Amino acid sequence: MLSRELLQGLFRYCFCLTAEQRSAEDLLQTSLEKWIRRGQSVEYSHAYIRKIIRNQFVDDCRRNSAIAFESIEEGAPILLDETCIEELEIQHNLIEHVFELLNTAEREVLYLWAVDGYTASEISQELMQPRGTILSRLHRIKQKVADVSQSSPHKRSGVRV
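Being a predicted model, the structure only gives us computed values, none of them experimental.

Participant: Could you give an account of the nonpolar core, with specific residues and numbers?
Facilitator: Within soluble globular proteins, side chains that are nonpolar tend to cluster in buried spots. Judged by nonpolar contacts, the single largest core of 30 residues is most densely connected at Leu10, Leu32, Ile49, Ile53, Val109 and Ile134. Elements with a contribution of two residues or more to this core: helix H1 (4–18), helix H2 (21–37), helix H3 (46–64), helix H4 (85–101), helix H5 (104–115), helix H6 (120–127) and helix H7 (131–150). Residue contacts for leucine 10: discarding those within four places in its chain leaves Leu28, Leu32, His46, Ile49 and Ile53.

Given below as structure tokens:
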């Protein structure tokens, strides 16, 4: 019914929201069950399923009081060339560290921007938030990445951040 590639993309989206593999798996399963029960056609369904996932995530968080929600009124993927394995590991560790510093809203924007290739305007429409909010989140993400990469004296030594 759904291609493996689509399921992997949806799982990555869930993981960006939850930051935990098991929670992402549960979120994806619950959301797909809701989608199947509604009898929606597979055609043009990617955005619809992602909306179900996001709504389910918000519902779960509110139910569990797991995160503090940001008010809506508040405030390019890294291309790797042929790099040695050690440098890839260092970059992976840096990405993990930055990922831990981002809140849920920033992770979601980062996913849509870096993985799905959406523009700020498209993300704004997808999340039904002002474009300025999306741009400020992208700016904060870039600033966090810059701060972490500049303050990491071990980036060449291979030591985990």
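Let's pick the thread back up.
Participant: Account for the pattern of salt bridges, naming residues and giving values.
Facilitator: Per the counting criterion, the structure on display carries 6 salt bridges. In this structure, arginine 50 and aspartate 116 form a salt bridge, with 2.6 Å as the shortest nitrogen-oxygen distance. One salt bridge connects glutamate 106 with lysine 144, and the closest N-O pair in it is separated by 2.8 Å. Taken as a pair, glutamate 106 in helix H5 and lysine 144 in helix H7 lie far apart in primary sequence, 38 residues in all.

Participant: Any chance you could break down the packing of aromatic side chains for me, citing the residues and the numbers?
Facilitator: Taken as a whole and assessed by the stated rule, the structure comprises 2 aromatic pairs. Relative to tyrosine 111, the ring of tyrosine 13 has its centre 5.3 Å away and its plane inclined at 55°; by these criteria the two rings are tilted. As far as burial versus exposure is concerned, tyrosine 13 and tyrosine 111 are alike and both buried. Its end group placed over the ring of tyrosine 13, arginine 50 keeps NZ or CZ at 5.6 Å from the ring centre.

Participant: Can you break down H1 residue by residue, with the values?
Facilitator: Taking 1.5 Å of rise per residue, the 15 residues of H1 would be expected to cover 21 Å, and the 21 Å separating its terminal C-alpha atoms lies within 8% of that figure. Looking at H1, one finds that the buried residues are Leu6, Gly9, Leu10, Tyr13, Cys14, Cys16, Leu17 and Thr18. Once H1 finishes, alanine 19 follows within two positions and takes phi at roughly 65°, a positive value.

Rules used in this analysis
- Residues numbered from 1 in each chain as written.
- Predicted model: local features only at pLDDT ≥ 70, side-chain atom pairs only at ≥ 80, totals over all residues.
- Heavy atoms only, no water.
- Core = buried A, V, L, I, M, F, W, Y, C linked by side-chain atoms within 4.5 Å.
- Buried < 20%, exposed > 50% of the residue type's maximum accessible area, 1.4 Å probe, protein only.
- Helix = DSSP H or I, 4+ residues; strand = E, 2+ residues; numbered from the N terminus.
- Contact = heavy atoms within 4.5 Å.
- Salt bridge = Lys/Arg side-chain N within 4 Å of Asp/Glu carboxyl O.
- Phe/Tyr/Trp six-rings, centres within 6.5 Å; stacked < 30°, edge-to-face > 60°.
- Lys NZ or Arg CZ within 6 Å of the ring centre and 35° of its normal.
- Expected span 1.5 Å × (residues − 1).

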